[in-house]
Amino acid sequence: MSNNTNKKVAINGAGPVGALLAVMLAKKGYQIDLFESRPDSRKTTIYQGKSINLALSDRGWKALSAVGLDEEIRKQAIPMYCRVMHDINGNITKQPYGKEDQAIWSVSRAGINEQLINLAEKEPTVNVHFGHRLTQLNFSDNTAVYMDENHHQKIYESDLVFGADGAFSKVRRLMQELPKSRISYSLDYMQKSYMELTIAANEDGSHKLEKNALHIWPRKDFMLIALPNNDGSFTCTLFMDHEGELSFSSLAKHENKQQKVSEFFQQYFAPAMDYLENPVEDFLSKTPSPLCLVHIYPWLVNDSIALIGDAAHAMVPFYGQGMNCGFEDCRVLAELVEQHDHQWSDILNAYQQERKENGDAITELAKRNFIEMSDLAGDERFLLRKKIEAKFHQMHPELWIPLYSMVTFSPDIPYKTALHVGDIQRTIMDEIMLIPKIEQEWQQAHIYEKLLVLAQEKLVNNHSELRL
Ligand SMILES: Cc1cc2nc3c(=O)[nH]c(=O)nc-3n(C[C@H](O)[C@H](O)[C@H](O)COP(=O)(O)OP(=O)(O)OC[C@H]3O[C@@H](n4cnc5c(N)ncnc54)[C@H](O)[C@@H]3O)c2cc1C
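Please read all numbers here as calculations on a predicted model, not as lab measurements.

## Looking at the domain arrangement of the protein
Right, on to step 1. Taken domain by domain, the protein comprises domain 1 (8-78 + 109-187 + 291-369), domain 2 (191-290) and domain 3 (379-466).
Right, on to step 2. Each of domain 1 and domain 2 has a C-alpha centre, and the two are 31 Å apart.
Right, on to step 3. Counted by class, the side of domain 1 that touches domain 2 contains five nonpolar, three polar and one charged residues.

Right, dumping it as structure tokens:
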């Protein structure tokens, strides 16, 4: 094995992905400088960002367990075994996410980030530099300039540089400014923005809604979701159009906004009003946050500077995969370090080749999933489709894994395969749903015989590479 103990790696951004990458590369013997523009959130009471919580699922767990961090993180995580859908009249339906014991896990963004930074600091070769904002990068010698909290410039040199600095990455912007860089890039703001609201705990600290579930109030063009926290509260997120007839903007700018916003919540979220804590005041005092998609290629410069996590592939949150995908980037990269015996030109090129297509695939799937969450999740025919798929999966698990399960619970299936197989499954299910009296006969054997013929023909015979 090559001697790598003297190699210095600069990781810009100590978000969840940068912190995990620091642990992984330290365990491979590298000297790590982890730079974060914000102050250390563990030592300051100043509000450091959003209080969102995130759904951690099997791809994230697989990456964490690769370096033995999963058990520590699991102590603070809450399993969510199902979606609980709240319709406009207050009726509730439950949809399991997968098999009985399969769950996605609610973790606080700040909490998991601090846990990962604690774990990074335990590595003897990791130095964390808070309050260090990357301002310049010399691509010819990997020298980076940082502005510290006292507005002093600091210069660090390293052998490898990672941009783990999120959706608005400075490393990425500096890459784009390189003369003759030939970088293809797009950042698309989505029509939807989001705002956090809260459901407080009961006085005894218990949860006001079922704890082990992700709650959704789907209203077609907008939706409210709630994920549980350990203190008994729920963090809620309202997704709706930024501009337009019924939007964050139209409500907040209305001349009678107090009344308008109150009417909006009463009209669409009446059953949730018993739980939400000051939603009208929150709505009027907060600024909605944008959602954006980032595509960029290449992810590398000079085979020694690379993007990772949201810096490479920011996506909308409707599949709950942004952080999971970033963790998977880290795991794959760490595996490639061994496979290519610490030869970084080979490692980074293989990393880019493997991850770019997968990043694009999950970005696309996430964009599509808003409709499933906000509209279809309450639709009878859509639910029937899901039931038929679930039953067929039980009968032929080697042939059919529902798309949600491929993405969420099958870390060995690449996102790009999930996207491809999911598209074929959709055409098959479109045909099945056209069978007369499907609503009454969906449990009968002839439905599954036809499904088997179609699956064998379209998934197996024509696409041997798509065999699951
Ligand atoms: C509403 C919402 C819900 C989401 N839900 C989920 C979910 O359920 N599941 C999921 O997997 N993902 C979810 N995501 C996505 C997830 O939050 C991101 O994918 C994840 O945070 C990306 O991690 P990161 O470390 O790449 O970037 P970030 O979390 O953005 O961290 C980047 C870090 O870089 C620092 N930084 C920025 N610029 C500089 C600079 N110039 N110098 C030094 N440091 C810098 C920042 O301060 C920050 O700490 C959600 C996102 C949103 C918005």
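Let's pick the thread back up.
## So, the sheet that holds strand E4 (residues 78-80)
Right, on to step 1. Ordered by their spatial adjacency, three strands build an open sheet running E3-E7-E4, and the pairing between neighbours is antiparallel. Two strands bound the open sheet, and with one partner strand each, they are strand E3 (53-56) and E4. Pairs of neighbouring strands in the sheet enclose a mean axial angle of 35 degrees, with direction left out of account.
Right, on to step 2. In the sheet, E3 pairs with strand E7 (residues 104-108) via four bridges, with the strands oriented antiparallel.

## Overview of the pairing of strand E2 (residues 31-35)
Sheet faces and side chains relate simply in a regular strand, where the side chains alternate between the two faces.
Right, on to step 1. The element E2 is extensively covered by neighbouring structure, given that four of its five residues are classed as buried.
Right, on to step 2. Judged from the five bridges that link them, strand E1 (residues 8-12) and E2 form a sheet pairing that is parallel. Bridged to Ala-10 within E2 is Asp-33.
Right, on to step 3. In terms of handedness, the path from E1 via helix H1 (residues 16-27) over to E2 forms a crossover that is right-handed.
Right, on to step 4. When E2 meets strand E8 (residues 126-129), the two strands line up parallel, connected through four bridges. From the neighbouring strand, Leu-34 faces E8, where its bridge partner is Val-128.

## Things to note about the site of the ligand
Right, on to step 1. In the vicinity of the ligand lie 33 residues, with Gly-13, Gly-15, Gly-166, Gly-309 and Gly-322 positioned nearest.
Right, on to step 2. Listed by contribution, the elements that provide at least two residues to the shell around the ligand are H1, E3, strand E9 (133-138) and helix H10 (322-339).
Right, on to step 3. No other element matches the four residues that H10 contributes to the shell around the ligand.
Right, on to step 4. Looking at the shell around the ligand, its residues break down into 13 nonpolar, 13 polar and seven charged.

## Topic: the environment of His-342
Right, on to step 1. Inspection of the secondary structure assignment puts His-342 in the loop between H10 and helix H11 (344-374).
Right, on to step 2. For His-342, a count of 16 C-beta atoms within 10 Å translates into the label partly exposed.
Right, on to step 3. On a C-alpha basis, the gap between His-342 and Lys-28 in space is 9.2 Å, while along the polypeptide they are 314 residues apart.

## Points about the environment of Val-161
Right, on to step 1. Within the fold, Val-161 resides in strand E12 (residues 160-163).
Right, on to step 2. Dropping the residues within four chain positions of it, Val-161 is found in contact with Ala-10, Leu-137, Asn-142, Ala-144, Ser-304 and Ile-305.

## A look at H10
Right, on to step 1. The end-to-end C-alpha distance of H10 is 26 Å, a good match for the 26 Å that 18 residues give at a rise of 1.5 Å each.
Right, on to step 2. Counting buried positions over the 18 residues of H10 gives 13, a clear majority of the element.
Right, on to step 3. Once H10 ends, the next one or two residues include Asp-341, with phi positive near 45 degrees.

## Some remarks on unusual backbone geometry
Right, on to step 1. For the peptide bond that leads from Tyr-297 to Pro-298, omega is 0 degrees, which places it in the cis range.
Right, on to step 2. With respect to the helices, strands and loops of the structure, Pro-298 is situated in the loop between strand E17 (289-297) and strand E18 (300-301).
Right, on to step 3. Positive phi, close to 55 degrees, is recorded for Asn-142, a residue that is not glycine.
Right, on to step 4. On the secondary structure map, Asn-142 appears in the loop between E9 and strand E10 (143-147).
Right, on to step 5. When the 20 C-beta atoms within 10 Å are taken as the criterion, Asn-142 is described as buried.
Right, on to step 6. At Lys-437, a residue that is not glycine, the phi angle is positive and equals roughly 60 degrees.
Right, on to step 7. You can see Lys-437 is positioned in the loop between helix H14 (415-433) and helix H15 (438-441).
Right, on to step 8. Lys-437 sits in the exposed class, given 8 other C-beta atoms within 10 Å.

Quick notes on the rules
Residues numbered from 1 in each chain as written. Predicted model: local features only at pLDDT ≥ 70, side-chain atom pairs only at ≥ 80, totals over all residues. Domains from an automatic or database assignment. Nonpolar A, V, L, I, M, F, W, Y, C, P; charged D, E, K, R; others polar. Pairing = 2+ DSSP bridges. Helix = DSSP H or I, 4+ residues; strand = E, 2+ residues; numbered from the N terminus. Axes fitted to C-alpha atoms, helices over the stretch in contact; angles between N-to-C directions. Buried ≥ 20, exposed ≤ 12 C-beta atoms within 10 Å, placed from the backbone. Right-handed = clockwise from strand over helix to strand, strands pointing away. Near = placed C-beta within 6 Å. Contact = placed C-beta atoms within 7 Å. Expected span 1.5 Å × (residues − 1).

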